[in-house]
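Chains, contacts and geometry: an overview
Each chain is listed here by its residues.
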Amino acid sequence: MKRRWALRLVAVLAVPAALALALLALDVLRLPHALATDDARFEAAPHLPRKLWNDLGVLPGDPATRLLGTRDDVASRKTVALYTRINVSKMGDPEQDALRGRVQLEVTLRARENAEPMWRSRQLNLFGVLTLGRFSTSGPEQQQILARSIGAFQNAIEVDPTNLDAKRNLEILLRRPEAATLPPNDPSQGGAQGKVSGQGRSGSGY
């Protein structure tokens, strides 16, 4: 009798377990398409406020992203989308300053944690752009900001040599007259530095 009830219990529990596994398999199969769809929506209208890359699967908590190791990539996408909400014409606005600080923190975290070179390079490039956004000061602070931006772009290129945006940004900065007065190979120039290989100041440019 006990064995019969045990078998019935196992059979009853096997049904939801099998359903959950089937849904997880479905999420895993549809995740690349869901990511690509939201990527296309973002590229078509990057400044339109929308919640992208959320609820990528049927199961709550998006377990497929953890299973496929794409959580860092999804977080990086959201950081890039958050960056597009920054309005450079509203420098000094408290809300915009708070947004800029939030994005800079997210960029730094993503540059340190993301294992994918392409996304890490994008975050380093964004860090350089964000740093350069404060280039309205003068004197030593201006030099420091310029040096950190140059270092961030160089780091981005070192991590991913195919990052054309970082190469263009670096070239533009190196053509500025102020760049000629910067100390060469200054290890303090790098931005968003961390323990991950390739995030330190390279000093080699491109």
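All figures in this text were calculated on a predicted structure; none of them were measured in a lab. (Residues numbered from 1 in each chain as written. Predicted model: local features only at pLDDT ≥ 70, side-chain atom pairs only at ≥ 80, totals over all residues. Heavy atoms only, no water.)

**Considering the overall build of the chain**
Filter applied, for reference: Only DSSP runs of H or I reaching four residues or more are called helices, and only runs of E reaching two or more are called strands; each is numbered from the N terminus. The criterion used for residue contact is that any of the two residues' heavy atoms lie within 4.5 Å. Accessible surface is estimated by sampling points in the Shrake-Rupley manner with a 1.4 Å probe; for residues, cover comes only from the protein chains shown.
When helices and strands are tallied, the chain shows seven helices and zero strands. Secondary structure elements in the chain, listed N-terminal to C-terminal, are α-α-α-α-α-α-α. In the chain, 66% of the contacts between residues at least 6 apart in sequence involve partners at least 24 apart. For the chain, the accessible area works out to roughly 12,300 Å², and carbon and sulfur atoms hold 59% of it.

**Some words on the nonpolar core**
Operational definition: Residues belong to a common nonpolar core when they are buried Ala, Val, Leu, Ile, Met, Phe, Trp, Tyr or Cys residues joined through side-chain atoms within 4.5 Å. Burial here depends on accessible area, computed with a 1.4 Å probe over protein chains only, as a share of the maximum for the residue type. Under 20% is buried, over 50% is exposed, and the range in between is partly exposed.
Ranked by size, the top nonpolar core spans 21 residues in total, and within it Leu35, Phe42, Trp53, Leu56, Val103 and Val107 carry the most contacts. Within the residue set of this core, elements represented by two or more residues are helix H1 (2–44), helix H3 (71–83), helix H4 (94–113) and helix H5 (117–132). The contacts of Phe42, once residues within four sequence positions are left out, are Arg50, Leu52, Trp53, Val80, Ala81 and Thr84. The next biggest cluster of nonpolar side chains, apart from the first, holds 14 residues, and it includes Leu124, Phe153, Leu170 and Ala179.

**Let's talk about the side chain of Gln96**
Formally: Pairing of N or O atoms within 3.5 Å defines a polar contact, subject to two protein rules: one partner must be a possible hydrogen donor and the other a possible acceptor, and residues neighboring in sequence count only if both atoms are side-chain atoms.
Its location among the elements puts Gln96 in helix H4. From its side chain, Gln96 meets the backbone nitrogen of Asn87 in a polar contact 2.7 Å long. Setting aside residues no more than four positions away along its own chain, Gln96 makes contact with Arg85, Ile86, Asn87 and Lys90.

**Considerations on the packing of aromatic side chains**
For any two aromatic rings, the description comes down to two numbers: the centre-to-centre distance and the angle of the planes. Our working rule: Within 6.5 Å between ring centres, the rings of Phe, Tyr and Trp (the latter by its six-membered ring) count as paired, and their orientation is classed by plane angle as stacked under 30 degrees, edge-to-face over 60, tilted in between. By the criterion adopted, a ring carries a charge over it if an Arg CZ or a Lys NZ lies within 6 Å of its centre and within 35 degrees of its normal.
One pass over the structure, following the stated rule, counts one aromatic pair. Its guanidinium or amino end placed over the ring of Trp119, Arg122 lies 4.7 Å from that ring's centre, counting from NZ or CZ.

**Section: the packing of H4 against H5**
Under the convention used in this document: Axis definition: a line fitted to C-alpha atoms, over the contacting stretch in the case of helices. Angles run 0 to 180 degrees between N-to-C directions. Helix crossings are classified by the rotation of the near helix relative to the far one: an anticlockwise turn of less than a right angle makes the crossing left-handed, while a clockwise turn makes it right-handed.
For the pair H4 and H5, the least separation of the axes is 8 Å and the interaxial angle reads 150°. Between H4 and H5 the crossing geometry is left-handed. Here Arg100, Val103, Gln104, Val107, Thr108, Arg110 and Ala111 of H4 come into contact with H5, specifically with Arg120, Gln123, Leu124, Leu126, Phe127, Leu130 and Thr131.

**A short note on the pattern of salt bridges**
Selection criterion: The rule for a salt bridge is simple: a side-chain nitrogen of Lys or Arg has to be within 4 Å of a carboxyl oxygen of Asp or Glu.
Applying the stated criterion across every chain yields a total of six salt bridges. Measuring nitrogen to oxygen at the nearest pair gives 3.1 Å for the salt bridge that ties Asp38 to Arg41. Of the two residues, Asp38 and Arg41 are both situated in helix H1; the distance of three residues between them amounts to about one turn of the helix. Taking the relative accessible area as the measure of exposure, Asp38 reaches 8% and is therefore buried. Take Arg41: its relative accessible area is 37%, and that puts it in the partly exposed class. Here Arg168 makes a salt bridge to Asp165, at a shortest N to O gap of 3.2 Å. With Arg168 and Asp165 both in helix H7 (residues 164–174) and three residues apart, the pair spans about one turn of that helix. By relative accessible area, which is 45% here, Asp165 ends up partly exposed. Via salt bridges that share partners, Glu106, Arg110 and Glu113 belong to a single interconnected network.

**Comments concerning empty space enclosed by the protein**
Heads up, the rule is: Think of a 1 Å grid over just the protein atoms. A cavity is a set of points where a 1.4 Å probe fits yet cannot get out, a pocket is an open set with protein on both sides within 12 Å along at least five of seven lines, and lining residues have an atom within 4 Å of a point. Grid points are joined across faces, edges and corners, and a volume is the space filled by probe spheres set on the points. Residues are grouped as follows: nonpolar covers Ala, Val, Leu, Ile, Met, Phe, Trp, Tyr, Cys and Pro; charged covers Asp, Glu, Lys and Arg; every other residue, Gly included, is treated as polar.
Evaluated as defined, the whole model comprises one cavity of 30 Å³ or more. Estimated volume of the largest cavity: approximately 30 Å³. In terms of lining, the largest cavity is formed by Asp27, Leu31, Leu56, Gly57, Asp62, Ala64 and Thr65. For the lining of the largest cavity, the secondary structure elements donating two or more residues are H1 and helix H2 (63–67). Grouping the amino acids of the lining of the largest cavity by side-chain chemistry returns three nonpolar, two polar and two charged.

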